[in-house]
Structures are given as C-alpha cells and as structure tokens.
Amino acid sequence: MKHWFLNVCIATALLQAVYHAVRVLVSYRVLALGGDAVTIGVVTALFSLAPLLVAVRIGRAVDQQHAAAVLRTGVALTTLGVVVIALSNDLIVLGLGNVVLGFGQILVTVAGQGFITLLSKPGDLDKGFAGLTLGVSVGQAVGVPVVGLIAAHSSDGGPVQTTLALALMAAVSLTSIPFAWPIRERPQSRKPSAKDQQQSVSSMISTPGMRPAVFSSLIVLASVDVVVAYLPVLGQQLGFSVLLVSLLLTARTAASIVSRAFLPWLLTWAPRQRLLVSATLCSALPTTLLPFVRNPWWMASLLVVAGFFWGIGQPLTMTWVTGLVTAPNRAAALSLRLTGNRLGQVLIPLAAGATAGVAGTASIFVITGGLLGTAAVSTWRAVRSE
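What counts and how
- As a convention, each chain's residues are numbered from 1 in the sequence order in which they are written.
- Per-residue local features of the predicted model are confined to residues with pLDDT of at least 70, and side-chain atom pairs are confined, for both listing and counting, to 80 or more; whole-chain, interface and lining totals are unaffected and use all residues.
- The basis for every side-chain value is the complete set of non-hydrogen atoms in the structure, without hydrogens or water.
- By the criteria applied, helices consist of DSSP H or I runs no shorter than four residues and strands consist of E runs no shorter than two, each listed in order from the N terminus.
- We compute the radius of gyration over the C-alpha atoms and compare it with the globule rule, which gives 2.2 Å times the number of residues raised to the power 0.38.
- For the exposure calls, accessible area comes from a 1.4 Å probe over protein chains only, and a residue counts as buried if that area is under 20% of its type's maximum, exposed if over 50%, partly exposed in between.
- Any pair of residues with heavy atoms lying within 4.5 Å of one another is described as a contacting pair.
- His is not counted here, nor are the chain ends, while Lys and Arg score as positive and Asp and Glu score as negative.
- For the purpose of locating charges, the reference atoms are NZ of Lys, CZ of Arg, CG of Asp and CD of Glu.
- A pair is scored as a salt bridge if a Lys or Arg side-chain nitrogen falls within 4 Å of a carboxyl oxygen belonging to Asp or Glu.
- Patch membership needs two things, relative accessible area over 30% and no salt bridge, and members are linked within 9 Å if like-charged or within 5 Å if nonpolar (Val, Leu, Ile, Met, Phe, Trp, Tyr).
- Working definition of accessibility: Shrake-Rupley area with a 1.4 Å probe, residue cover restricted to the visible protein chains.
- When the centres of two rings from Phe, Tyr and Trp lie within 6.5 Å, Trp using its six-membered ring, the rings pair. Their planes under 30 degrees apart give stacked, over 60 give edge-to-face, and anything left gives tilted.
- Two conditions define a charge located above a ring, namely a distance within 6 Å from the ring centre to NZ of Lys or CZ of Arg, and an angle within 35 degrees of the ring normal.

Under the annotation held in an unreviewed UniProt entry, the protein chain carries the name MFS transporter and is attributed to Rhodococcus tibetensis.

Next comes the structure, spelled out in structure tokens:
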C-alpha cells in the first residue's frame, strides 16, 4: 500500500472520530445549556452552513494541486472549532464553534477525496474511495463510544458533562498532524488540453446522472446526521443512558465498516447499479421504525441494517460523480456532491427540528425514511436509463 494512501486514511480516521464524536456531544451540550430539539436542529445546520457556500471553490483549489494546503488548514480549523465548543457557556458561542468545525471538516473531506482522484490509478477509484470511507467509519466507531464513556463517567445524575470529552477530541485532532502534513500532490505530467478545461457548476449539474447521484448522496448523509443528532433526544425520552446511545450509534458505524471493507468483493458479486439503489432503499424502513421499537436490541438491529447500506452509498456515489466529468474537474465534481450533502445537512435538520417541535421526535425518523425511499426511486430511474 502506498504511503500517501495510508496517511490519508489514518488522518481521515482520526479527524472523523473528532467530527462524529463532537457532533454527538454538541447535542448533549445544547440540552445542558437549556436548548431543545428545535435548537439542536439549528446548531446542527450551522455545522454545514459555511461548507455549503464554499465547497466547490475548495474543490477547484484541490484540482489545481493545492490539496496539501487545504488539508493542513482543515486540521487547524478542526482543532480550533472543538476548543471553542469545549469553552462555550452559551448557545451562541456553541453555534459559532460548530460553524468553525464544519468549515474544517469540509476542507479535510475535499482534500482527502481529492488526493484519491489525484494520486490513484484510474481503475482504482472504487478501491480508493472504499478505503477512505472505511477510515471515516473506523474513526466514527472509535470516537463515539470513547466520548460516551468519558461523558458518562463525568456526569453524576445531572446534565451530561461534555467538556472533558471535548478536550480529548481536540487532542485527537492534533494527533492527525504527523499523518496529514507529509502528503504531497504529484506534479502534473502535462498541460491540460482544451477538452480538459474547467467545467462550470451549471455544466456539471446538468450532466445526465449528476443530479440523482448528488440527491442520493445528500439523503444518505443527511439521514446519518439526523440519527446522530436525534438519537440522543430519543434516548433521553426512552430513559437510555448516554453510554447506551453511544453504543447504538457505534453499531450503525460498525455495520458501515463491514460494508466498506467488503465493497470491492460486493462489486464482483452484485451489479453497481443494484448496490447504488440498495443504499437508500434498504435503509428506508429500518430508519422509519427506529422510534417505534423502543427495545435497544431491536434498535441496534435496525441501525446495523441501515448502517450497512449507508456504508455502501457514499463511496459508490463518489465514483459515480467523478465518472461523469473530465479528470481535471473530479475534485470540483466531488465538491459539488458535497455541496448537495451540506444543503441536505442544513435544510433537513432545520426541518427536523421544526417537525419535532410540532409532531414529536418520532416524526423525524419517519420523514427521513420517506426521503430515503424517494432517493431510491430517483437512483433507480437514473441507473436504469444509463
């Protein structure tokens, strides 16, 4: 395995452990500071607001051989965001910290995906994206239960205490530096030809297949975000401890690890089109049923099923969008996909928070399941036409 690929995967795992764990902690911190489900929706949306505005520009920078600088800046902003959240004593400062953290996350994500497109051989993109997203899942699987244990140990029957766990995540962010800093872009061997010039955003989004690919990706990622943000709320309503909620979220992440680890084998066993459709279709019902089973073992089973198919969706949509554009526009296309992801992460949590305020927390999971079903139909129509 190439050193650059191993470094990218390790740095990604460490930083994704931070992002996923901190986002769970943010929900508990909002509740401790007097917020409610609506407030959680707003704060969760703030995480994706800055990325929504700048993702494509970051992708252009990566396509122009600035991936290393983008990655290093992302590590610095990630650490700063976690520190601000850890020191926050009111909801405004907490929201600002989440904005900084979200900006760091988009820089790290675009750079990591960009290194795959810049340094991988053309036929190795599926394998590269599977390895990258496997690093994401491993980080999530480790980060959430660790902070759950720390928060549970720090809390004595009152509001969940998150400061110590957040401080640990800031330290984890710093440990990614030895892996992120040495990665370099490969010098361009030729000047781009006329057919390789930059494609505009409107040109890329009008490419057949791009809109369904972006829609599928944003629904999957937003669904994961909704579960991460609102399972703590549902857990409190059901009397679950913070540790139990963390373990339930980890079950979902562990299932994604398995599906991503075996994705190259799955692609030899099942057609890519069927796997793409399954990412949303087979996770719709388990997500819808989550608030109704109430037994933690059944909830874990549903999360395992959903997590397995969500794990398939992200790497396959990455390869899907990069195959729709020319080589010098791949990072920009991935950033366009991320822009769609962040749009979903802004609008869906806001809608979820508003829905929860009126119809209760259970309605959030029902609506999310419906959106997954809609995305499955859209993907099926797109891959059938291709």
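Enquirer: Tell me what's going on with the overall build of the protein chain, and back it up with residues and numbers.
Expert: Regarding its fold elements, the protein chain presents 15 helices and zero strands. Rg of the C-alpha trace for the protein chain: 20 Å, near the compact-globule value of 21 Å for 386 residues, within the 12% margin. In terms of principal-axis extent, the alpha carbons of the protein chain reach across some 65 × 40 × 35 Å. The 386 residues of the protein chain split such that 59% are buried. Restricting the contact set of the protein chain to residue pairs at least 6 apart, pairs at least 24 apart contribute 85%. With 24 positive and 10 negative side-chain charges, the protein chain shows a separation of 8 Å between the mean positions of the two kinds.

Enquirer: Talk me through the side chain of S363; I want residue IDs and the actual numbers.
Expert: Position of S363 relative to the elements: it lies in helix α15 (residues 361-385). Under the relative-accessibility criterion, S363 is labelled buried at 14%. Non-local contacts of S363, meaning those with residues more than four positions away in its chain, are made with T355 and A356.

Enquirer: Describe the pattern of salt bridges, with residues and values.
Expert: Per the stated rule, a full pass over the model turns up one salt bridge. In this structure, D225 and R23 form a salt bridge, with 3.0 Å as the shortest nitrogen-oxygen distance. In this pair, D225 sits in helix α9 (residues 210-238) while R23 sits in helix α1 (residues 3-32), placing the two residues 202 residues apart along the sequence. Pair check on accessibility: D225 and R23 agree, each one buried.

Enquirer: Talk me through a nonpolar patch on the surface; I want residue IDs and the actual numbers.
Expert: A cluster of nonpolar side chains, contributed by V138, V142, V146 and L168, occupies part of the molecular surface with about 260 Å² of accessible area. A per-element tally of the nonpolar patch places helix α5 (residues 125-154) first, with three residues. Of note, V146 is situated in helix α5. V146 gets classed as partly exposed once you look at its relative accessible area, which sits at 31%.

Enquirer: Hey, could you go over unusual backbone geometry for me, with residue numbers and the actual values?
Expert: Phi angles above zero are rare outside glycine, and Q65 is one such case at about 70°. Look at Q65 and you get partly exposed, because its relative accessible area is 22%. In the Ramachandran plot, R294 falls in the positive-phi region, its phi being about 65° despite a non-glycine side chain. Positionally, R294 belongs in the loop between α12 (272-293) and α13 (296-322). Residue classification places R294 among the exposed positions, given a relative accessible area of 52%.

Enquirer: Kindly report on the packing of aromatic side chains, identifying the contributing residues and their values.
Expert: This model, assessed by the stated rule, comprises three aromatic pairs. Where W265 meets W269, the ring centres are 6.2 Å apart and the plane angle is 5°; that geometry is what we call stacked. Placement of both W265 and W269 in helix α11 (residues 263-269) is noted, with a separation of four residues, approximately one turn of the helix. Among the residues examined, W265 registers a relative accessible area of 51% and is labelled exposed. W269 sits in the exposed class, given a relative accessible area of 62%. Above the face of the F47 ring, R23 is positioned so that its terminal group lies 3.9 Å from the ring centre.

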